Amino acid sequence: MSAQAQASVKRLTPLDIRSRKSAEPIVSLTAYDTPMAALMDPYVDFILVGDSVGMAVHGLPNTVPVTLEMMILHGQAVMRGSRRALVVIDMPFGSYERSKEQAFENCVRVLKETGAGAVKLETGEAMVETVRYLVGRDIPVLAHIGLRPQAVLAEGGFRTKGRDATSSARVLAEARAMDEAGAFAMVVEGVAEPVACEVTGQVCVPTIGIGASATCDGQILVVHDMLGLFDQTPKFVKRYSDFREQARSAFEAYAEDVRRRAFPGSEHVYGAKTI
Ligand code: KIV
């Protein structure tokens, strides 16, 4: 791409995503660093700097220990690597639940310090007023309903939602509430397929599925999952690569080369200056 063409690339906005309801499917992946964001940028509509960074990059057991500072640092890195995709930053556990004022303050900090275009909040019933408050003060919010990973301690694990009548009714009520509160789209995670399908049919904003339904208006995956960087692949993930094996065999080959002095070769070393 020429420098001129690069300069004229316009970043997608929350309104662009909002306008894709029942249209061309919305493509999204998570990213946490500059090179990965740059690689995926031409292919995705929005990049989520997910709090899954805690597990994917920092080796944490779940997303609970992830901090606002971590999200800001990774958000800045992803913004530097991307130019076209909307970048959405996940608000970490504890940064928005206390009050709508706390949520506003921290969301503003995230948007100012990263330059990202929107934030994502895990939004159970308790978050409806907060989302309305944020949207009413010009903060674009991507809601996250269904399985909420930040509730892992309270729920004692990760459980698929919408498998019985009570849970299905709750998911549908959450979806309608987020629609009405003004979220520009909603991630629907870990929800039984028929319920995810019903949610998509009932709300006016795009639904972005993960472990949900092909009928959602878009799909998102954790980049480390789809590239095959973890040894386990959840049922809802399709592996598009086997990076783990590729990286392992590259490390093996490098170690072997160094041990038998096959690396560096003459092409990798600098000669003396010829005057
Ligand atoms: O943190 C994350 O990566 C997410 C996606 C799984 C939607 O919330």
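The coordinates are above.
Residues numbered from 1 in each chain as written. Predicted model: local features only at pLDDT ≥ 70, side-chain atom pairs only at ≥ 80, totals over all residues. Heavy atoms only, no water.

A. Fine view of helix 7 (residues 128–136). Turning to helix 7, its buried residues are Val 128, Thr 130, Val 131, Tyr 133 and Leu 134. Buried residues along helix 7 sit in contact with helix 6 (100–114), strand 4 (118–122), strand 5 (141–146) and helix 9 (165–181). One or two residues past the end of helix 7 sits Asp 138, with phi positive at roughly 70°. (Buried < 20%, exposed > 50% of the residue type's maximum accessible area, 1.4 Å probe, protein only. Helix = DSSP H or I, 4+ residues; strand = E, 2+ residues; numbered from the N terminus. Contact = heavy atoms within 4.5 Å.)

B. Quick peek at the packing of helix 7 against helix 9. Taken N-terminus to C-terminus, the directions of helix 7 and helix 9 make an angle of 20°; their axes are 9 Å apart at the nearest point. In terms of their interaxial angle, helix 7 and helix 9 are classed as roughly parallel. Judged by the twist between their axes, the crossing of helix 7 over helix 9 is right-handed. Residue-level contacts link Val 128, Val 131, Arg 132 and Val 135 of helix 7 to Ala 177, Met 178, Glu 180 and Ala 181 of helix 9. When its residues are assigned to classes, the contact of helix 7 with helix 9 shows 6 nonpolar, no polar and 2 charged. (Axes fitted to C-alpha atoms, helices over the stretch in contact; angles between N-to-C directions. Parallel < 35°, antiparallel > 145°, perpendicular 65-115°, else oblique. Left-handed = near helix turned anticlockwise from the far one by under 90°. Nonpolar A, V, L, I, M, F, W, Y, C, P; charged D, E, K, R; others polar.)

C. A look at the state of the cysteines. Within this structure, the stated rule accounts for 0 disulfides. Sulfur of Cys 216: no disulfide; nearest cysteine sulfur belongs to Cys 197 and is 8.1 Å away. (Disulfide = S-S within 2.5 Å.)

D. Main features of the pattern of salt bridges. Under the defined criterion, the tally for this structure stands at 15 salt bridges. Note that Arg 132 and Glu 129 form a salt bridge whose closest N and O atoms lie 3.0 Å from each other. Of this pair, Arg 132 and Glu 129 both sit in helix 7, 3 residues apart, roughly one helical turn. When its relative accessible area of 47% is taken as the criterion, Glu 129 is described as partly exposed. The partner of Arg 239 in a salt bridge is Asp 242, with the nearest N and O atoms 4.0 Å apart. Look at the salt bridges and you will find they share partners, linking Arg 20, Asp 45 and Arg 84 into a network. (Salt bridge = Lys/Arg side-chain N within 4 Å of Asp/Glu carboxyl O.)

E. Spatial organisation of the site of the ligand. Around the ligand, the neighbouring residues are Thr 30, Leu 48, Gly 50, Asp 51, Ser 52, Asp 90, Lys 120, His 144, Val 187, Glu 189, Ile 210 and Val 222. Within the side chain of Ser 52, a nitrogen or oxygen atom sits 2.5 Å from an oxygen atom of the ligand. Protein chains bury 96% of the 260 Å² of accessible surface belonging to the ligand in isolation. (Near = heavy atom within 4 Å. Polar contact = N/O pair within 3.5 Å; in protein donor to acceptor, adjacent residues only side chain to side chain. Areas by Shrake-Rupley, 256 points an atom, 1.4 Å probe, with all protein chains shown as cover.)

F. Fine view of a nonpolar patch on the surface. On the surface, Tyr 254, Val 258 and Phe 263 cluster together into a nonpolar patch covering about 280 Å² of accessible area. With respect to the element layout, Tyr 254 can be found in helix 12 (residues 243–259). (Patch = residues over 30% accessible without salt bridge, like charges linked within 9 Å, V, L, I, M, F, W, Y side chains within 5 Å.)

G. How the structure looks around the packing of aromatic side chains. Inspection of every chain in the model, using the stated rule, returns 2 aromatic pairs. Both rings, one in Phe 104 and one in Tyr 133, keep their centres 6.3 Å apart while their planes meet at 90°; by these two values the pair is edge-to-face. Of this pair, Phe 104 sits in helix 6 while Tyr 133 is found in helix 7, placing the two residues 29 residues apart along the sequence. Phe 104 gets classed as partly exposed once you look at its relative accessible area, which sits at 27%. Classification of Tyr 133 by relative accessible area gives buried; the value is 17%. One cation-aromatic arrangement involves Arg 137 over Tyr 133; the distance from NZ or CZ to the ring centre is 3.6 Å. (Phe/Tyr/Trp six-rings, centres within 6.5 Å; stacked < 30°, edge-to-face > 60°. Lys NZ or Arg CZ within 6 Å of the ring centre and 35° of its normal.)

H. Structural detail: the pairing of strand 3 (residues 86–90). For strand 3, a buried count of 5 out of 5 residues is recorded, marking the element as mostly surrounded by other parts of the structure. Burial along strand 3 is two-sided: Leu 86, Val 88 and Asp 90 facing one way and Val 87 and Ile 89 facing the other are all buried. As paired strands, strand 2 (residues 46–49) and strand 3 are joined by 4 bridges and run parallel to one another. By the bridge assignment for strand 3, Phe 46 is matched with Leu 86. (Pairing = 2+ DSSP bridges.)

Distances and angles like these do not, on their own, reveal function.
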